[in-house]
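What follows is the residue order along each chain.
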Amino acid sequence: MAVTVLLVLAIGAYVGQRALEAKESLERAREQLQTFRAALGDPSEDLPALYGVLQASSAEAVQRTDSPVWSLAEHVPWAGPNLTAFRQTTELVDEVVRQGIGPLATAANGVSVESLKPRDGGVDLAPLAELAPAVVEVDDAVQSANATAKAIDTRHVVHQLAGPIHELRAQLDELAPVTAQLRTVVPLLGPMLGGDGDRRYLLMFQNNAEERASGGNPASLAMLKVTDGKLALGRQVSSSDFPHPYDTSPYAPKGRGNTDWGVVYTEHASAYLTNITMTPDFPTTARMARAMWRKEFGGRVDGVISLDPVALSYLLRATGPIELADGTEIDASNAVPFLLHDVYARYPDAGTQDKVFASAARSVFAAISSGKGDPRLYLDQLEPMMAEQRLKMWSNHPEEQAVLIGSPLGTMLPADNQRATVLGVYNNDDATSKMSYFMDERVSVVVSTCAATPTYTVTATVVNTLRADQVGTLPEYVRAHQQRIPSGGDRQWVQLFGPVGARLTSVAVDGKPVVWGTNLRAKANTNPKATGVADRRPAVRGTMYGRPVGTVSVTLGPASEKTVTAVFTGSPKDSRSVEVSHTPKVRAVPVEITEATCR
């Protein structure tokens, strides 16, 4: 008996010492990993050397838990589950270090953030070629570790150990989708930047002063040529260089469930370049833009990239001030008011305005392609540009478009409700004006899950911020040029989209129920009692992209507002995470989402 007790004590002491040593090794590895992460992007650091000491620590932790005595102790009641979980954790960490950090250390050694930014009009593609295979190995390691971490049994593990394991699981859960996305995106960057042959991208600048669902009137376009990373800005045109309208649209929108295009948008959205952004579905917009460009100017168009003046102002945070052809200096603080309002007072002629817009595009492009500014600042600006849906991209190459459509760059409304139940609130100017500069909006959503089927009450309040005493100062070009709109006022279509597969229950404007017409065009509408008929703007409803949509016209005088409320009935399978996609306006749109109280 005494011998047995001594043996148990000896085993306990041995395992305890080994566990303490392994714990110290893991703590060193954690500190060394932080040092390695901080060194990424610094070409003066020796990443393989830093990896070497990190790997030595993780391997040492595994070695301390790999012995016959430790294995025997794992079968001891109470202590066993803790020892097993601890060993599995050390092996998991070492696996990530060897299979993920190791390849990254080799590929990223000597690569700096500076080396990735444009220089002399181009981007060096060599670092991207080095990083692409390493990113795949990193993702393999992270996905494997994520699965392993989930499989560690912590039911009978003390909280001192269970806590760090749960923390590690959370970190891997957060990291896994990021590395998966990088695995897909990084290998495509080289080809997209002309590494496998010339690329031609149509740049589209949306003017938020004349709102459209995805931003604004695409009044200015340019062709970007990319050859082996070298960037060159080609032909620049304005909307006046396209027919108004096309007798036959160069591209007829179809697919993605937009069965009621003719009712909800009519041919005006596909026959005029200035209207192709009336839809929030960017692939549809991009295909129309590509078809119109090719019809007028010919040539290949590999993709379409869209941004607005607010996005340009974000880029100016990175480049610093730029000077336009007329000598005007714009920066992040004054670019939006100048490009969306002041230019119309300074230059009443539309042709001169177009030259100013073209000059702004050329100047920003020159600053970016020459490598002006800290590249880290550019990366910082990508987040708000994408989050606010001001930067969009479509590719004519299927493998690239498959990646884009699953990201915020690709479209404004997802194809399903799996990740989140997304509702849409969009505005289309109907005043032939630049009055949208003064239009703000507030959006609220009340989600009710009290019954088996959820309902979503969406309220959009459009606000004309122009005061009555400012009306006289408006440039003529800015004012509304359609009938039945008060001086200093605006008229726009408000579109409310429900979740995929939902049903539109009701819509009201300022509390008055909407009566539906049969077509957005007054001449094609067959219901004389439809809301908006008096203004020749009948309200319509239909199905677009598999979603119910209601469209109503609202007219606002100075310092006034209109509220549109829609109720949608969803599905029990809808994601409990609810989001709102809305038109990127001149100013931020506050969105409030609340849960209804059940009685």
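Everything below is about the structure shown above.
Let me begin by describing the structure that accompanies this report. (Residues numbered from 1 in each chain as written. Predicted model: local features only at pLDDT ≥ 70, side-chain atom pairs only at ≥ 80, totals over all residues. Heavy atoms only, no water.)

**Some points on the overall build of the chain**
Heads up, the rule is: Here a strand is any run of E in DSSP of at least two residues, a helix any run of H or I of at least four, and the numbering for each starts at the N terminus. Exposure classes here rest on a 1.4 Å probe applied to the protein chains alone. A residue is buried below 20% of its type maximum, exposed above 50%, and partly exposed in between. Areas reported as accessible are Shrake-Rupley estimates using a 1.4 Å probe. Residue values count occlusion only from the protein chains shown. Positive charges come from Lys and Arg alone, negative charges from Asp and Glu alone, with His and the N- and C-terminal ends not counted. Where a charge sits is defined by one atom per residue type, namely NZ (Lys), CZ (Arg), CG (Asp) or CD (Glu).
Per the secondary structure count, the chain includes 15 helices and 18 strands. Overall size of the chain, expressed as C-alpha extent along the three principal axes, is 105 × 65 × 45 Å. A burial count over the chain gives 52% of its 599 residues as buried. Surface summary for the chain: the accessible area is close to 26,600 Å², and the carbon and sulfur share equals 55%. Looking at the chain, you have 57 positive and 65 negative side-chain charges, and the mean spots of the two groups are 8 Å apart.

**Points about the nonpolar core**
Quick note on the threshold: What we call a nonpolar core is a set of buried Ala, Val, Leu, Ile, Met, Phe, Trp, Tyr and Cys residues that are connected through their side-chain atoms within 4.5 Å.
Within the largest apolar cluster, 78 residues are counted, with the highest numbers of intra-cluster contacts made by I330, F438, L496, V507, V552, V564 and F568. In terms of nonpolar packing, the next biggest core, distinct from the first, is built from 38 residues, F86, V97, I101 and V142 among them.

**Observations concerning the sheet that holds strand β7 (residues 392-395)**
Rule in force here: Strand pairing is defined by DSSP finding a minimum of two bridges between the two strands. Here the axes come from fitting lines to C-alpha atoms, over the contacting stretch only for helices, and the angles between their N-to-C directions go from 0 to 180 degrees. When checking whether two residues touch, look at their non-hydrogen atoms; a contact exists if any pair is within 4.5 Å.
One open sheet accounts for five strands, arranged β3-β2-β1-β4-β7; its pairing is mixed. The open sheet has two free edges, formed respectively by β3 (230-238) and β7, since each of these has just one partner strand. Here the strands of the sheet are splayed against their neighbours by 20° on average, with no regard to which way each runs. Relative to β7, strand β4 (residues 303-307) is paired through four bridges, and the arrangement is antiparallel. When the bridges of β7 are listed, V304 appears paired with W394. Contacting β1 (199-212), β2 (215-227) and β3, helix α13 (residues 350-369) crosses the sheet at an angle of about 175° to β3.

**Some points on helix α7 (residues 159-192)**
For the record, the criterion: For a helix, the expected span equals 1.5 Å multiplied by the number of residues minus one. Think of it this way: the bend at a residue is just the angle between two axes, each fitted to seven residues, one set ending at that residue and the other starting at it.
Here α7 contains 34 residues, and its C-alpha end-to-end distance of 49 Å stays within 8% of the 50 Å for a straight helix at 1.5 Å per residue. A bend of about 30° at L175 is the largest found in α7, and the proline P177 appears one to four places after it. A positive backbone phi angle near 85° is found at G194, which sits one or two residues after α7.

**Focus on the sheet that holds strand β14 (residues 540-544)**
Ordered by their spatial adjacency, five strands build an open sheet running β14-β15-β11-β8-β17, and the pairing between neighbours is mixed. Each end of this open sheet is capped by a strand with a single partner; those strands are β14 and β17 (578-582). Each strand of the sheet is rotated relative to its neighbour by a mean of 25°, with strand direction disregarded.

**Remarks on the environment of E95**
Residue position: E95 is located in helix α4 (residues 79-108). Residue E95 is classed as buried on the basis of its relative accessible area, which comes to 14%. A C-alpha to C-alpha distance of 33 Å links E95 and G195, two positions 100 residues apart in sequence. What E95 contacts, discounting residues up to four positions off in sequence, is G100, S144, A145 and T148.

**What about the packing of aromatic side chains?**
Test applied: Any two rings among Phe, Tyr and Trp, with Trp reduced to its six-membered ring, count as a pair given centres within 6.5 Å; such a pair is stacked if its planes are under 30 degrees apart, edge-to-face if over 60, and tilted if neither. Criterion for a charge above a ring: Arg CZ or Lys NZ at most 6 Å from the ring centre, at most 35 degrees from the ring normal.
Taken as a whole, this structure holds nine aromatic pairs when the rule is applied. Between Y344 and F357 the ring centres are 6.3 Å apart and the planes differ by 65°, which places this aromatic pair in the edge-to-face class. Of this pair, Y344 sits in helix α12 (residues 335-346) while F357 sits in helix α13, and the two are 13 residues apart along the sequence. The exposure class of F357 is buried, given its relative accessible area of 16%. Three or more aromatic residues joined by ring pairs form one cluster here, namely F242, W293 and F297. The side chain of R587 reaches across the aromatic face of Y437, ending 5.7 Å from its centre.

**Things to note about unusual backbone geometry**
With an omega dihedral of 0°, the bond running from H244 to P245 counts as a cis peptide bond. Its place among the elements puts P245 in the loop between β3 and α8 (261-264). The phi dihedral of Q389 is positive, around 60°, even though this residue is not glycine. Considering the arrangement of structural elements, one finds Q389 in the loop between α14 (375-387) and β7.

**Observations regarding the side chain of T551**
Just so we agree on the cut-off: Polar contact criterion, stated in full: a pair of N or O atoms within 3.5 Å, where within protein one must be able to donate a hydrogen and the other to accept it, and residues adjacent in sequence count only if both atoms are side-chain atoms.
Inspection of the secondary structure puts T551 in strand β15 (residues 547-556). Exposure remark for T551: the relative accessible area of 1% places this residue in the buried category. Reaching out from T551, the side chain makes a polar contact with the side chain of Q495 at a distance of 3.4 Å. The contact partners of T551, leaving out residues within four places of it in the chain, are V264, W493, V494, Q495, W516, L520, A539 and V540.

**Regarding the pattern of salt bridges**
We apply this condition: Salt bridge, as used here, is a side-chain nitrogen of Lys or Arg placed within 4 Å of a carboxyl oxygen of Asp or Glu.
Taken as a whole and assessed by the stated rule, the structure comprises 32 salt bridges. For the salt bridge of R576 with E595, the shortest nitrogen-to-oxygen distance reads 4.0 Å. Of this pair, R576 sits in the loop between β16 (561-569) and β17 while E595 sits in strand β18 (residues 591-595); the two residues are 19 residues apart in sequence, bridging distant segments of the chain. Judged by its relative accessible area of 65%, R576 is exposed. Residue classification places E595 among the partly exposed positions, given a relative accessible area of 44%. Three or more residues are tied together by salt bridges with common partners; here these are E74, R87 and E91.

**Quick notes on a nonpolar patch on the surface**
This is how the line gets drawn: Only residues whose relative accessible area exceeds 30% and that form no salt bridge enter a patch; like-charged residues are grouped when within 9 Å of one another, and nonpolar side chains (Val, Leu, Ile, Met, Phe, Trp, Tyr) when within 5 Å.
A surface patch of nonpolar side chains, amounting to about 230 Å² of accessible area, comprises L175, V178 and L182. Position of L182 relative to the elements: it lies in helix α7. On the basis of relative accessibility, which here comes to 40%, the residue L182 falls in the partly exposed class.

**Here we look at the environment of R442**
Within the secondary structure layout, R442 lies in strand β9 (residues 439-448). The class of R442 is partly exposed, set by a relative accessible area of 39%. Spatially, the C-alpha atoms of R442 and V463 are 8.1 Å apart, while their sequence positions differ by 21 residues. Apart from the residues within four sequence positions on either side, R442 is in contact with T459, A460, T461, V463, E561 and P590. A distance of 3.4 Å separates a polar atom in the side chain of R442 from a polar atom in the side chain of E561.

**Some points on the state of the cysteines**
Rule in force here: Count a disulfide wherever a pair of cysteine sulfur atoms falls within 2.5 Å.
Overall, the coordinates contain one disulfide when judged by the stated rule. The disulfide that involves C450 links it to C598, with 2.0 Å between the sulfurs. Around the S-S axis, the bridge from C450 to C598 shows a dihedral of about -95° and counts as left-handed. Residue C450 is found in the loop between β9 and β10 (455-464), and its partner C598 is found in the segment after β18; the two are separated by 148 residues along the sequence. When its relative accessible area of 42% is taken as the criterion, C450 is described as partly exposed.

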